[in-house]
Amino acid sequence: RCEEEDVEMTEDAYAVLTRIGLETSLRYAMQLITAASLVARKRKGAEVGVEDIKRVYSLFLDESRSTQYMREYQEAFLFNELREYPGTP
């Protein structure tokens, strides 16, 4: 995927990205490549490094972390308030 997008990446960044792909999904890991490339470009880096991968990992949630977040904070979301009104399931 890096070749397709002309993204240069350090070996350490590849290792971190591989681990993320194994623990989450290949699709999620591939989507991080583009975002990490933009982060590296913004800092004027020649290649994507581990810090770039960590940065985008913290910004974009995978399915599992997103579900966990929704469960933890469900009381704060609007759909929870709808249950307080008569006639709503």
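Quantities reported herein were computed from a predicted structural model and do not represent experimental measurements.

K.L.:
Mind showing me how you'd approach helix 3 (residues 50–59) here?
P.N.:
Side chains three or four residues apart in an α-helix point the same way, a direct result of the helix having 3.6 residues per turn. Those residues of helix 3 that sit buried are Asp52, Ile53 and Val56. Projected down its long axis, helix 3 shows its buried positions confined to an angular sector of 100°, all on one face. Elements that come into contact with the buried residues of helix 3 comprise helix 1 (11–23) and helix 2 (26–42).

K.L.:
It is not clear to me how helix 1 should be interpreted in this structure. Could you clarify?
P.N.:
In this model helix 1 runs 19 Å from its N-terminal to its C-terminal C-alpha over 13 residues, within 8% of the 18 Å that 1.5 Å per residue would give. Considered for burial, the residues of helix 1 that qualify are Ala13, Leu17, Ile20 and Gly21. Projected onto a plane normal to the axis of helix 1, the buried residues spread over an arc of 100° and lie on a single side. Looking at helix 1, the residues exposed on the side facing more than 90 degrees away from the buried face are Glu11, Asp12, Arg19, Leu22 and Glu23. Structurally, helix 1 contributes buried residues whose contacts are with helix 2 and helix 3.

K.L.:
Where do I start with the pattern of salt bridges in this structure?
P.N.:
Pairs can form between side chains of opposite charge once their charged atoms are near each other. Enumeration over the complete set of coordinates arrives at five salt bridges. Between Arg43 and Asp52 there is a salt bridge; the shortest N-O distance is 2.7 Å. A salt bridge links Arg65 to Asp62, with the nearest nitrogen and oxygen atoms 2.6 Å apart.

K.L.:
Whenever I open this one, the nonpolar core confuses me. Can you help?
P.N.:
One recurring pattern in soluble globular proteins is that nonpolar side chains are buried together. Val7, Met9, Leu17, Leu32, Ile33, Val48 and Ile53 are the most contacted members of the largest nonpolar core, which has 16 residues in total. Discounting residues that sit within four places of it in the chain, Ile33 has contacts with Arg1, Cys2, Glu5, Val7, Met9 and Leu17.

K.L.:
Quick question: what am I supposed to make of a negative patch on the surface here?
P.N.:
Together, Glu3, Glu4, Asp6, Glu8 and Glu47 make up a region of like negative charge exposed at the surface. Its location among the elements puts Asp6 in the segment before helix 1.

K.L.:
Quick question: what am I supposed to make of the packing of helix 1 against helix 2 here?
P.N.:
It is at 7 Å that the axes of helix 1 and helix 2 come closest, and there the two elements cross at 145°. Here Leu17, Ile20 and Gly21 of helix 1 come into contact with helix 2, specifically with Leu26, Tyr28, Ala29, Leu32 and Ile33. Split by residue class, the contact of helix 1 with helix 2 holds seven nonpolar, one polar and no charged.

K.L.:
Would you take a moment to explain unusual backbone geometry for this structure?
P.N.:
The phi dihedral of Asp6 is positive, around 55°, even though this residue is not glycine. Relative accessible area serves as the criterion here: at 69%, Asp6 is assigned to the exposed category. Backbone geometry places Lys44, a non-glycine residue, at a positive phi of 65°. Using a relative accessible area of 73% as the deciding quantity, one classes Lys44 as exposed.

Thresholds, definitions, all that
Residues numbered from 1 in each chain as written. Predicted model: local features only at pLDDT ≥ 70, side-chain atom pairs only at ≥ 80, totals over all residues. Heavy atoms only, no water. Buried < 20%, exposed > 50% of the residue type's maximum accessible area, 1.4 Å probe, protein only. Helix = DSSP H or I, 4+ residues; strand = E, 2+ residues; numbered from the N terminus. Arc of directions from axis to C-beta. Contact = heavy atoms within 4.5 Å. Expected span 1.5 Å × (residues − 1). Salt bridge = Lys/Arg side-chain N within 4 Å of Asp/Glu carboxyl O. Core = buried A, V, L, I, M, F, W, Y, C linked by side-chain atoms within 4.5 Å. Patch = residues over 30% accessible without salt bridge, like charges linked within 9 Å, V, L, I, M, F, W, Y side chains within 5 Å. Areas by Shrake-Rupley, 256 points an atom, 1.4 Å probe, with all protein chains shown as cover. Lys, Arg positive; Asp, Glu negative; His and termini not counted. Charge placed at Lys NZ, Arg CZ, Asp CG, Glu CD. Axes fitted to C-alpha atoms, helices over the stretch in contact; angles between N-to-C directions. Nonpolar A, V, L, I, M, F, W, Y, C, P; charged D, E, K, R; others polar.

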